[in-house]
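The primary structure of each chain is shown beneath.
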Amino acid sequence: MIDFNKRSFWNFTLKDILSIISSVAIPVALAIYTAIGSQQQKQQAEKKQKFDFEQSTQLRQQTLYDEFLNNIYQLDKDGYLNDTKNPWAFANAHYRAAHRQWDTIRKADVLQFLKEKQLIGRNNCADGCKTTNLDDIIRLNELSFDNVRLASETGMLNKLNLQCVSFDQVSMSNAEFSFASLNGVSFDGGRLDKVKFDGSSLLCASFNGVNLSGADFGNSNLTGAHFSNSDLSGAKITEDQINQASFDNVIMPNGEKSEIKSSMATKKPITQTTRTLTSTSSSSTTSPTTTPSTTTTLSLRTSSPTSSTIATTSSTTSSTTTTTTTISSIASNVTFLNQTIYSVGSTPCSVTVVDVNNDNKPDIVTANRDSNSISVLLNAGDGTFSLQITYSVGAYPESVAVADVNSDKKPDIITANQGSVTVSVLLNAGNGTFSPQTNYVASTGPSSVAVADVNSDNKPDIVTAGRSSNIVSVLLNTGNSTFSPQTTYTVGANTESVEVADVNSDNKPDIITASSGSNSISVLLNAGNGTFSPQTTYAVSGSPRSIAVADVNSDNKPDIVTANEGSDTTNVLLNTGNGTFSAQTTYSVGQSPISVAVADANNDNRPDIIVANWNSYSISVLLNIGNGTFSSQTTYKVGVLPRSVAVADVNSDNKPDIIVANYASNTVSVLLQS
């Protein structure tokens, strides 16, 4: 038996030690128990707080979703979601503001709602490819749909309908499409890295300039899909799927670049089948005063792929006549391949295509507004182009022309610089290189430039027009590539575009301008020695931004063609002789047309109309069907905010190709004719 009172350790008995231990252990145990209890309470509080937050978030998301649906219903009720309210700016702004606050579930739900309401994907894609061309009311471009899952509720039984939706310039990293019908969908310019397509249909889908690294195409159908200028590195795609689609300048899954390969399916051109053309024109001169007016209504409906019926009604003060003619339509015998994209300077406003290095291959020259520069892309052959070479010019160049101004048989570059109120002349130093700029004062804020010999001395002169003024400036070439001070002439308000052509067959070039502020065209006839008579004006549709002058009805008299940003139209004014023009005829094109070119695109010896559509990121091609009348548009996708269009055979196959300057994407698009 141990005596706890007598056994001692360093003057402490065992009983003392046990008492000390027990006196310490009990508080420690209590502290541990309290800490554990407190931690459990904290965890419970955190769980409750997280649950409450999740519930609050879900409630907020549902509230935002419900508010959006209610507001869309009200907008629809008030007529803001029909074609007459184009471009539906308020509905778009409302959607984009709401989109930024939604989670991925609501983003997916709203996409399905918009498609069901036909606010997106409005075109007919029943057979896979687009067969119509309708603008989406709600625009999805430049929005984020990262991690969004879009899936059919019934799996393979009924695919989720997202046909013909434009997902251009969207971000869809890690997104998933499960049993979705994506026929005719465009993903151009998008970011789709690690996207998954599971059991989906991608007939005629477009992937131009898309990051698809790590994408998984599962067992999806890619018949007729087109991939160009895209990155498929690390993507999961079968050999059968590769054979179904076509690839142009694509980094394939193995890291190698594709050769041009066509798919086994044929894309159908996008054409509108019905349009009504209405025109009204008035003309006036300073002296003598004339005010003839004519109203023309032209209605065209396509009755079959090969024929059209055109009815024309013309009325004047004294008589009315009606004629009906049936003409053979050739609206489908020219097509262009998907765009190839090249980088240029910041915000290219103007493009021209001319052989600047005398190798018989047309080169690309752009005017880059925000970088105060021009870009020269030399043709490397087969319609491909080298990297840009840039040259400094004046502030905010908005237009560029190329002509030999110093008679050395080498094309020089001339720009209109809106910011510095000058024109810059860059002489060709040989081999497609250019000397530093020489600047001359021009009209207030010059935004357009043309070069032609207006005084018959065999030296090209410069003509400019300024958007912020109602004048054109003429700078005569004094020799050795120098120019005289400007002479100015009055034209319409806010002159956007200027062309020089002999419109009255007197062998003296005349001046033609488009004025958005007065919705008019001005014609100034050349009076001789480089001087011009007062303007004669002709009414056109809303906000003409660009003009082209060419003989479109084969009568050896140049006619006028305009692109009208405010009315989504192009006008044709036929030359009636002696430099006078008929009332406009109007054709529908894409949204906010801002540039027009006229060239024979299909080699039938009749000039066709090509228009760049600013807000629909597209170009419209209207084929000439005879007598100066044109077919419905066929549209092709290009870059973001196409600002200028040119037409030239860049790959020496005797077929004109289309070149577009894309303002917001700092690129040019080259569309080779197939």
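The structure this text deals with has already been given above.
Residues numbered from 1 in each chain as written. Predicted model: local features only at pLDDT ≥ 70, side-chain atom pairs only at ≥ 80, totals over all residues. Heavy atoms only, no water.

J.: I'm lost on the nonpolar core in this one. Help?
T.: Ranked by internal contacts, the top residues of the largest apolar core, which has 52 residues, are Y95, L140, F187 and F227. If you list the elements that add at least two residues to this core, you get α2 (89-99) and α3 (104-116). With near-sequence residues (within four places) excluded, L140 lies in contact with Y95, R96, L111, L114, I120, F145, V165, S166, F167 and V170. (Core = buried A, V, L, I, M, F, W, Y, C linked by side-chain atoms within 4.5 Å. Buried < 20%, exposed > 50% of the residue type's maximum accessible area, 1.4 Å probe, protein only. Helix = DSSP H or I, 4+ residues; strand = E, 2+ residues; numbered from the N terminus. Contact = heavy atoms within 4.5 Å.)

J.: Just checking my understanding: could you explain the sheet that holds strand β41 (residues 559-564) for this structure?
T.: Across a sheet, paired strands are connected by hydrogen bonds in the backbone, their directions being either parallel or antiparallel. One open sheet accounts for four strands, arranged β40-β41-β42-β45; its pairing is antiparallel. On the outer flanks of this sheet lie β40 (544-550) and β45 (585-588), each paired with one strand and no other. The mean angle between the axes of side-by-side strands here comes to 20 degrees, regardless of whether they run parallel or antiparallel. Relative to β41, β40 runs antiparallel, the two sharing six bridges. Each residue of the ladder has a partner; that of S546, found in β41, is A563. (Pairing = 2+ DSSP bridges. Axes fitted to C-alpha atoms, helices over the stretch in contact; angles between N-to-C directions.)

J.: What exactly am I supposed to notice about the side chain of T495 here?
T.: Tracing the backbone shows T495 in strand β34 (residues 495-501). T495 sits in the buried class, given a relative accessible area of 0%. Beyond its immediate chain neighbours, meaning those up to four positions away, T495 contacts S447, A465, G466, R467, S469, N470, T513, A514 and S515.

J.: What is the right way to look at the pairing of strand β42 (residues 569-573) in this model?
T.: Two faces, one strand: in a regular strand the side chains alternate between the faces of the sheet. Within β42, five of the five residues are buried, which leaves the element mostly enclosed by the surrounding structure. Every second residue of β42 is oriented toward a common face, with T569, N571 and L573 on one face and T570 and V572 on the other, all of them buried. As paired strands, β41 and β42 are joined by five bridges and run antiparallel to one another. Counted as the bridge partner of N564 is T569 from β42. Where β41 hands over to β42, the hairpin turn is made up of four residues, of which D568 adopts a positive phi near 55 degrees.

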